[in-house]
Structure formats: C-alpha cells, structure tokens
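Notes for the structure review
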Amino acid sequence: MDRYDHAEQAASFTHGADEYAAVRPGYPDAAIDLLLPGGAHDVLDLAAGTGKLTESLVARGVRVVAVEPADGMRAQLVAALPDAEVHAGTAEAIPLPDASVDVVTVAQAWHWFDERAASAEVARVLRPGGLLGLVWNDRDDDVPWVAAYGALLDEAAGGPPPAHGAHPTPGDAFTDVLRTDVRWEHVLTPDELVRLAGTRSYALVLPPDERAALLERVRTLVTTHPDLAGLDRVPVPYVTRVYTARRR
Ligand SMILES: C[S@@+](CC[C@H](N)C(=O)[O-])C[C@H]1O[C@@H](n2cnc3c(N)ncnc32)[C@H](O)[C@@H]1O
C-alpha cells in the first residue's frame, strides 16, 4: 500500500513540530558554506519549518527572512529565533517583493512543492545572479544498520518517499545547476533514534495503533542490532545533498 498522500502529509508537519525540532538533524557547516557565496546579504529560507537551517544562516551574520506555511512549525521557529523575520506563506506564493534577495534556501522541502510554480516564484524574488540552494539530509544507507532502519520505515510507508531522491529541475530561469555531497554524523541517543522514525511525514498521519507498532519495531532494531546494541550514543551517518543553481 502506498501511504503517501501529498497534501495531507505536507500539512502533517504542523502536528509533529516539537519532535521534529528535537530529533531531526541540522545541516553541516560545509553545506552552509555552499549556500552563502561571498557578497550574499539578504537570504530567504523557504519552508523554514522549525528553523533548523534558518539558525545556521542567522549565525553567519546575513539578514534572513523565513517563510513557512505550517502554524506549528512557525511557532517553534519564532520561539527559537525571536529576532528573525518570519512570514506565513508558501513556495508557490512567496510573500516577498520582486528581486529582493540574494539567496533562496530550501532545506528538505523542495519535493513538497509544485516545482514549476515554486521555480517561477523563486526566480521572481531572487536578484539577477542570485543563488537557489536546495538541501536534503539522507541517511547513509551504505551502513548496514542504517539500511535496515530505512527498510523498516519504507516497508511501513509502502515504499521510499516520493521524489525525495529526484534531481531538482528549477527551469530555464536558472543555470549552473551543481550537486555537492557532504558526509557527516548526527549523534542521537537510542531513544531519539526511535523518535526520529516518528517524524517521517507518513508516520505523523498513521492511526495511533499502527504508529505505536511501527515505533516498537524500530525500538527492537535499535536495541538488538549487533552494531547498535548497548550503545548510549549512536552516530547516525548522513550524506547531505546540496544543489545550487544561479538565477540568470
Ligand atoms: C521536512 S520539513 C523541512 C523544514 C526545514 N526546512 C528543515 O530543514 O528542518 C518540510 C517543510 O516544508 C513545508 N512545506 C510543505 N509544503 C510547502 C509549500 N508548498 N510551500 C512552503 N513550505 C512547504 C512544511 O510545512 C515543512 O515545514
């Protein structure tokens, strides 16, 4: 069974905001470097969620505007970054003027957008020569326990997440589309590793008994897999995929 209902799941993030903020990884410095070329001053973090990428951008001293449609995610973001400029809005209707930013970043969210409409809106708000930076954190499935963890989640979902691994195609307004992979580790407790499974979009909309059963299967894996049993800190290996494209 395919459990991916796009609209329902895009909206699901409102309900999982606390857990999302607590256990989802942030982004490594090498990825932030790629997103902020020299001379960038005004940055839009689109689909900013709870602010996992936003906070790393703010820490670099640039002016950051965050746009996020889900109320629960936005509330977390405002609490974490009270000085940030935050707006309700979507990628398909960005609440910013034309040619008003040097960089648009989208972390872990481009696959939720209507790509054609979002590309047109991003091209509108970027200054000529500005940068679109798309980021995804993928667990490194070359590591056997990570592959087993991912297989459990995909099995419950009826398959891997749609379009998550697809190459983005932002269209003719953009040039120089480049992909760079950054490898790093995010350290979690075993309990956090179980809770991480519950932040997947489809898991947020499962009926409570099915969600509990899934998390129990994940807990069994985390406590009994030979590479994990007995650990009190688990280094979760990630490959962060960074796509950059330049506005013509
Ligand atoms: C997986 S979260 C990523 C959040 C944040 N960028 C991060 O890296 O943690 C995906 C986010 O995309 C947002 N989203 C979904 N559809 C969207 C759309 N059409 N326009 C803007 N944001 C959207 C969701 O509300 C959610 O906050």
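Residues numbered from 1 in each chain as written. Predicted model: local features only at pLDDT ≥ 70, side-chain atom pairs only at ≥ 80, totals over all residues. Heavy atoms only, no water.

Identification of the chain as Class I SAM-dependent methyltransferase from Cellulomonas avistercoris is taken from an unreviewed UniProt entry.

**Let's talk about the site of the ligand**
Around the ligand, a shell composed of 20 residues is seen, among which Tyr 27, Ala 47, Glu 68, Ala 91 and Ala 107 lie nearest. At 2.6 Å from an oxygen atom of the ligand is found a side-chain nitrogen or oxygen belonging to Glu 68. Between the ligand and Ala 91, the relevant distance is 2.9 Å, taken from a nitrogen atom to a main-chain nitrogen or oxygen of the residue. Isolated, the ligand exposes 600 Å² of accessible area, and the fraction of that covered by the protein chains is 95%. (Near = heavy atom within 4 Å. Polar contact = N/O pair within 3.5 Å; in protein donor to acceptor, adjacent residues only side chain to side chain. Areas by Shrake-Rupley, 256 points an atom, 1.4 Å probe, with all protein chains shown as cover.)

**Some thoughts on the environment of Leu 53**
Mapping Leu 53 onto the fold places it in helix α4 (residues 52-58). Relative accessible area serves as the criterion here: at 3%, Leu 53 is assigned to the buried category. For Leu 53 and Asp 42, which are 11 residues apart along the polypeptide, the C-alpha to C-alpha distance reads 15 Å. Contact partners of Leu 53, with chain neighbours within four places excluded, come to Tyr 27, Ile 32, Leu 35, Asp 45, Thr 105 and Ala 107. (Helix = DSSP H or I, 4+ residues; strand = E, 2+ residues; numbered from the N terminus. Buried < 20%, exposed > 50% of the residue type's maximum accessible area, 1.4 Å probe, protein only. Contact = heavy atoms within 4.5 Å.)

**Quick notes on the side chain of Glu 68**
Following the sequence through the fold, Glu 68 ends up in the loop between β2 (63-67) and α5 (71-80). In this structure Glu 68 is buried but unpaired, with Arg 74 as the nearest side chain of opposite charge at 6.0 Å. A distance of 2.8 Å separates the side chain of Glu 68 from the backbone nitrogen of Ala 70, its partner in a polar contact. Ignoring sequence-local partners within four residues, the contact set of Glu 68 consists of Ala 47, Ala 48, Gly 49, Met 73, Arg 74, His 87, Ala 88 and Gly 89. (Lys, Arg positive; Asp, Glu negative; His and termini not counted. Salt bridge = Lys/Arg side-chain N within 4 Å of Asp/Glu carboxyl O.)

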